[in-house]
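# Observations on chain architecture
Listed below, chain by chain, are the residues.
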Amino acid sequence: MPTIDCDPSEARTRLADAGVEIEPGNTPHERWRAERDGAVAVAYDDKVVVQGASTTPLTALLRDTGQRAHVYFDGASRGNPGPAAVGWCLVTSDGIVAEGGDRIGRATNNQAEYEALVAALEAATEFEFDAIDVRGDSELIVKQVRGEWNTNDPTLREHRVDVRELLEEFDRWSIAHVPRSVNERADTLANEALDA
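The structure reproduced in this document is the subject of the present report.

Definitions and cut-offs
- Residues numbered from 1 in each chain as written.
- Predicted model: local features only at pLDDT ≥ 70, side-chain atom pairs only at ≥ 80, totals over all residues.
- Heavy atoms only, no water.
- Core = buried A, V, L, I, M, F, W, Y, C linked by side-chain atoms within 4.5 Å.
- Buried < 20%, exposed > 50% of the residue type's maximum accessible area, 1.4 Å probe, protein only.
- Helix = DSSP H or I, 4+ residues; strand = E, 2+ residues; numbered from the N terminus.
- Phe/Tyr/Trp six-rings, centres within 6.5 Å; stacked < 30°, edge-to-face > 60°.
- Contact = heavy atoms within 4.5 Å.
- Salt bridge = Lys/Arg side-chain N within 4 Å of Asp/Glu carboxyl O.

### Let's talk about the nonpolar core
Counting residues in hydrophobic clusters, the biggest one holds 47 residues, and the most contacted among them are Leu-90 and Ile-132. Among the elements that make up this core, the one with the highest residue count is helix α3 (residues 109–126) (eight residues). With five residues, the next largest nonpolar core counts Ala-85, Ala-190, Ala-193 and Leu-194 among its residues.

Put into structure tokens, the structure is as follows:
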């Protein structure tokens with residue numbers, strides 16, 4: 001059960017900015033309560049206590065900025081182009097902070113990979129991480145984002161611009177190619193979304 005020493009007013013604002021609903025406390029000692037993904041944050045005079053099955057997403061929102069995260073992304077397309085989906089996962093030393101998988105319509109595999117990266121970076125921005133280490137199993141996307149390979153396709157070029165703009169939101173970032181086995185969770189989320 002994480003306990004975060006903080007100003008409850010600032011913590012409340014941070015949660016509200018992230019779209020978390022705030023309710024009054026249940027006792028005279030509780031200043032407010034907030035719930036997300038099966039976890040509950042309870043504010044007292046100088047701290048917030050988070051309890052429940054999955055405390056990491058709320059804890060990540062409540063911690064002071066400056067935290068670092070690993071960002072995993074993967075896209076899937078059946079037909080290339082064909083039905084496509086994205087998967088992504090944010091991980092800190094506390095565990096999985098957030099993850100997602102969605103169908104995106106018809107796309108090539110490379111377009112799906114870029115869209116997965118955009119979705120992951122948007123989520124990392126929402127959690128206000130200062131530093132991120134991005135990992136994906138698409139060598140093409142990684143090398144294009146780093147500027148090592150050209151981006152000739154106009155759609156991919158547009159996606160690369162979006163990714164570079166999102167990366168500028170962070171004080172420090174890196175991006176690296178990893179084997180599919182390291183990127184397994186993002187891959188699973190993309191394929192589950194595609195199969196749904």
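### Description of the packing of aromatic side chains
Tallied over the entire structure, the rule returns one aromatic pair. Note on Phe-127 and Phe-129: the rings are 6.0 Å apart at their centroids and 20° apart in plane angle, and the pair reads as stacked. Here the two residues Phe-127 and Phe-129 agree in accessibility, since each one is buried.

### Topic: the side chain of His-159
Within the fold, His-159 resides in helix α5 (residues 154–167). Those residues in contact with His-159, other than ones at most four positions away along the chain, are Gln-111, Tyr-114 and Glu-115.

### A look at the pattern of salt bridges
Within this structure, the stated rule accounts for ten salt bridges. Taking the shortest distance from any N to any O, the salt bridge between Glu-139 and Lys-143 comes out at 3.4 Å. Taken together, the positions of Glu-139 and Lys-143, both in helix α4 (residues 139–145) and four residues apart, correspond to about one turn of that helix. Here Arg-180 makes a salt bridge to Asp-187, at a shortest N to O gap of 3.9 Å.

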